[in-house]
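# Descriptive analysis of the structure
The chain contents come next:
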Amino acid sequence: LISSHKQLKVARQVWPLAKDYYAKARKAKREGIPVAWTVLMPPIELLHAFEIVPMMTEHFSALLATKQVVAPYLDRADQLGYPINACSYHRIMIGFGISGEELMIPEPDFLIAANICDGGSKAFLPIVEHFQIPYYYLDAPLDFHGDNPGDVEPEPLEYYRSQLEELIKFVEEITHSSLQEERVQESISLAEQATDLWLEISELRKSIPCPMGVVDEAGTMYPLMQLLGTKIAVGFYQMLLKEVEDRAKDKVGVIEEERYRLLWLGPII
């Protein structure tokens with residue numbers, strides 16, 4: 001068995017980036033800045049616009065798994081009645097959150113989840129009860145499209161708009177602050193820049209040989225999920241795009257002789 005490793009230099013900067021973010025989050029908590037644990041990727045750019053600290057629980061549970069310390073946390077989730085075929089990301093964070101240990105990430109002031117997967121609405125209720133914190137579940141429609149390509153149905157779009165308005169009021173009430181329009185526009189613009197750069201990188205991966213494999217892809221998605229709406233994410237993907245462009249131009253592939261490609265959807269094993 002050969003362990004996976006990152007081939008791209010920029011991809012190796014993800015862990016230092018994450019470590020720095022966790023350190024800043026702990027500092028922010030000490031200074032009284034609200035911390036929000038997030039589940040299933042609610043609009044992170046909106047939370048950054050509030051200048052609060054979102055903590056993506058799925059990334060931290062993956063980090064705990066990498067350190068091979070998750071068995072006790074999974075056992076606690078089992079004891080609560082969560083089946084072993086439920087989402088491991090969630091089971092780890094449930095067990096970790098209610099462990100009573102000194103947490104390595106700041107305790108949440110509130111929790112926000114979205115409905116990307118079925119378990120998201122109920123999975124973190126033990127965390128909410130344990131910390132006695134407010135909880136908002138963003139019920140985002142899973143399909144906005146009409147019968148024709150490019151069409152957008154007005155009803156789900158309007159429903160999602162109303163959900164975002166509720167979320168904004170929810171955060172404003174907790175933080176006792178108002179969302180500033182200029183901060184929203186800046187954060188959305190930065191998020192759009194980062195996602196556009198990611199699309200360019202993804203297009204370059206069609207090159208033969210493939211300049212970036214799934215190990216580097218999975219690692220470099222971190223800023224897209226935790227730092228969306230920040231200048232840090234944009235800068236990171238600018239550097240990553242340059243490295244992938246250079247590899248594609250010089251025909252540097254992931255393996256020496258590329259014969260087949262496997263499209264992998266979802267987290268790597």
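In short, a report on the structure. Position labels on residues start from 1 in each chain and follow its written sequence. Since the coordinates come from a predicted model, pLDDT governs what is reported: local features require at least 70, and pairs of side-chain atoms require 80 or more to be given and counted, while whole-chain, interface and lining totals use all residues. The basis for the side-chain values is all heavy atoms of the structure; hydrogens and waters are excluded.

## A few points about the packing of aromatic side chains
By convention, a stacked pair of Phe, Tyr or Trp rings (six-membered ring in the case of Trp) has centres within 6.5 Å and planes under 30 degrees apart, an edge-to-face pair has planes over 60 apart, and any other such pair is tilted. In this structure the tally under the stated criterion is eight aromatic pairs. A ring pair is formed by Phe60 and Phe96, whose centres lie 5.2 Å apart and whose planes are at 55°; its orientation type is tilted. In this pair, Phe60 sits in helix H3 (residues 57–66) while Phe96 sits in helix H5 (residues 88–97), placing the two residues 36 residues apart along the sequence. What makes Phe96 buried here is its relative accessible area of 0%. Between the aromatic rings of Trp198 and Tyr237, the centroid separation amounts to 5.6 Å while the plane-to-plane angle is 75°, which identifies the pairing as edge-to-face. Residue Trp198 is located in helix H9 (residues 181–204), and its partner Tyr237 is located in helix H12 (residues 231–249); the two are separated by 39 residues in the primary sequence. Burial classes follow relative accessibility: with a 1.4 Å probe on protein chains only, a residue under 20% of its type's maximum area counts as buried, one over 50% as exposed, and anything between as partly exposed. Owing to a relative accessible area of 11%, Trp198 belongs among the buried residues under this scheme. The numbering of helices and of strands both runs from the N terminus, where a helix is a DSSP run of H or I of at least 4 residues and a strand a run of E of at least 2.

## Let's talk about the pairing of strand S2 (residues 53–56)
Because side chains alternate across S2, one face comprises the buried residues Val53 and Met55, and the other comprises Pro54 and Met56, equally buried. Only strands joined by at least two bridges in the DSSP assignment are considered to pair. In this structure, strand S1 (residues 35–39) lies alongside S2, joined through four bridges in parallel fashion. Pairing of Val35 across the sheet is with Val53, part of S2. Consider the strands pointing away from the viewer: the crossover is right-handed when the path from the first strand over the helix to the second runs clockwise. Remark: the S1/helix H2 (residues 44–49)/S2 crossover connection has right-handed handedness.

Note that all results are geometric; they support no functional claim without further evidence.
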